[in-house]
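The residues making up each chain are set out below.
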Amino acid sequence: DKAIAVMTSGGDAQGMNSNVRAIVRSAIFKGCRAFVVMEGYEGLVRGGPEYIKEVCWEDVRGWSTEGGTNIGTARCLEFRQREGRLLGAQHLIEAGVDALIVCGGDGSLTGADLFRSEWPSLIDELLKTNRISQEQYTRYQHLNICGTVGSIDNDMSTTDATIGAYSALDRICTAVDYVEATANSHSRAFVVEVMGRNCGWLALLAGIATSADYIFIPENPPVPGKWQDGMCEIISQHRSHGKRTSIIIIAEGAIDTELNPIKPEDVHKVLCDRLKLDTRITTLGHVQRGGTAVAYDRILATLQGVEAVNAVLESTADTPSPLIAINENKITRKPLIDSVALTKSVADAIQAKDFEKAMSLRDTEFIE
Ligand code: F6P
């Protein structure tokens, strides 16, 4: 009987609890022991039964209807150092864990990929320094790791949706609808800043869903000094047709083609100075990560949790570590290493000012 552990890592996302529940229950259903790692990679670094806990079927009862992540999460600096990963490896082996499923975003899965690739040298060092026995060394030769993508940003390449993205999108749309009502009363403009780190998915989709007047996303940046005219022209046009509200959605990572950040204050100033609009800024912040998951995220997280357990049980030392994705409505497996590399290539394309490439790598074909 194998022991399968699950952890959530990085920023929380709605649906992570459904994912953990499905992994724990599938593991037990398949005759394995189930563990949870508390507080993300920090739990691995600290180790012991308080942080690497065996759980039973009832421990995850009702979790699909709960927001956040009940096993905690963290952005762990220590795990970025080799010594942190060495401790992580030692603690996993001490707990007798055969496979680790990490539910997290881009950064967390990059960490998982590094941990897997370093594993042989980590266990060599643990053996040499007598931190594990020869027997443990022989048994835990290979780190069986799998990623499920939990992030509101929807910024992971090779998957159409990340767990939490549609819930955050729903939170944004509700908030923009609220703002729209008060904007209408006062005939005001609102600049709404949304999360997404360097990814414009939330801003773009929220803009479409709420019929926003103008959208700023990092993958399709405007020319410096030019966006002001373009935006004012469109907004004036809408106003001239009797529209009483102006909603501008700006991704937190918005930039211009010279990679200068475009901030809500910059947009606010242009709307006030040039169009004389009574303008307010609304930064939605962590409200976007709050509340329970929408049905889509609960279902996605559950199906992907079941698939993650299947994947680790079928994996051998020769199979590449999988990332559980969804493509064209089918739950799929992708090599984790490729997904991480492709995701990084989007950031690289933006840095190299190759925005066409960045856009095409974002899997936004249905919009184009
Ligand atoms: O990655 C998810 C995310 O919510 C991003 O959209 C945002 O930039 C970041 O996390 C906020 O991080 P924190 O919760 O640490 O403030």
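Residues numbered from 1 in each chain as written. Predicted model: local features only at pLDDT ≥ 70, side-chain atom pairs only at ≥ 80, totals over all residues. Heavy atoms only, no water.

### Remarks on helix H8 (residues 227-240)
Our working rule: Only runs of H or I of at least four residues qualify as helices and only runs of E of at least two qualify as strands under DSSP, and these elements are numbered from the N terminus. A helix is expected to span 1.5 Å for every residue after the first. The classification of residues rests on relative accessible area computed with a 1.4 Å probe and restricted to protein chains. Under 20% of the type maximum is buried, over 50% is exposed, and intermediate values are partly exposed. This arc corresponds to the set of directions leading from the helix axis out to the C-beta atoms. For this analysis, residues touch if any pair of their heavy atoms sits within 4.5 Å.
Taking 1.5 Å of rise per residue, the 14 residues of H8 would be expected to cover 20 Å, and the 20 Å separating its terminal C-alpha atoms lies within 8% of that figure. Within H8, the full set of buried residues consists of Trp227, Gln228, Met231, Cys232, Ile235 and Arg239. Taken down its axis, H8 places every buried residue within 120° of arc, on the same side. Exposed and oriented more than 90 degrees from the buried face of H8 are Glu233 and Ser240. Considering only its buried residues, H8 is in contact with strand E6 (189-194), strand E7 (214-216), strand E8 (246-251) and helix H9 (264-275). Downstream of H8 by a residue or two, Gly242 has a phi angle that is positive, lying close to 95°.

### Digging into the pairing of E8
Under the convention used in this document: Pairing between strands is defined by DSSP: at least two bridges between the two strands are required. Crossovers are described as right-handed under a simple rule: with the strands pointing away from the observer, the path leading from the first strand over the helix to the second runs clockwise.
Burial of E8 is extensive: 6 of the 6 residues sit out of reach of the surface. As defined by bridge partners, E6 adjoins E8 across 6 bridges and the pair is classed as parallel. The partner of Glu193 across the bridge, within E8, is Ile250. Pairing of E7 with E8 involves 3 bridges; the strand directions are parallel. For Phe216, the partnering residue across the bridge sits in E8 and is Ile250. Taken together, E7, H8 and E8 form a β-α-β motif whose crossover is right-handed.

### Digging into the side chain of Ser26
Structurally, Ser26 is set in helix H1 (residues 16-29). Using a relative accessible area of 11% as the deciding quantity, one classes Ser26 as buried.

### Structural notes on the site of the ligand
Threshold: What makes a residue near a molecule or strand is one non-hydrogen atom of that residue sitting within 4 Å of it. Whenever two N or O atoms come within 3.5 Å, that pair is a polar contact, provided that in protein one can donate a hydrogen and the other can accept it, and provided that, for residues adjacent in sequence, both atoms are side-chain atoms. Each accessible area is a Shrake-Rupley result for a 1.4 Å probe, and residues are judged covered by the shown protein chains and nothing else. Computed over the protein atoms alone on a 1 Å grid, cavities are sets of points where a 1.4 Å probe fits but cannot get out and pockets are open sets with protein on both sides within 12 Å along at least five of seven lines; a residue lines them when it has an atom within 4 Å of a point. Any molecule with more than half of its atoms within 2 Å of a cavity's or pocket's grid points is regarded as sitting in that cavity or pocket.
All residues in the neighbourhood of the ligand are listed as Arg75, Ile152, Asp153, Met195, Gly196, Arg197, Glu252, His286 and Arg289. In this structure, an oxygen atom belonging to the ligand sits 2.9 Å away from a side-chain N or O atom of Arg75. Interatomic distance of 2.5 Å between a side-chain N/O atom of Glu252 and an oxygen atom of the ligand. Coverage of the ligand by the protein amounts to 74% of the 390 Å² it exposes when considered alone. According to the grid-proximity analysis, the pocket containing the ligand is the largest pocket.

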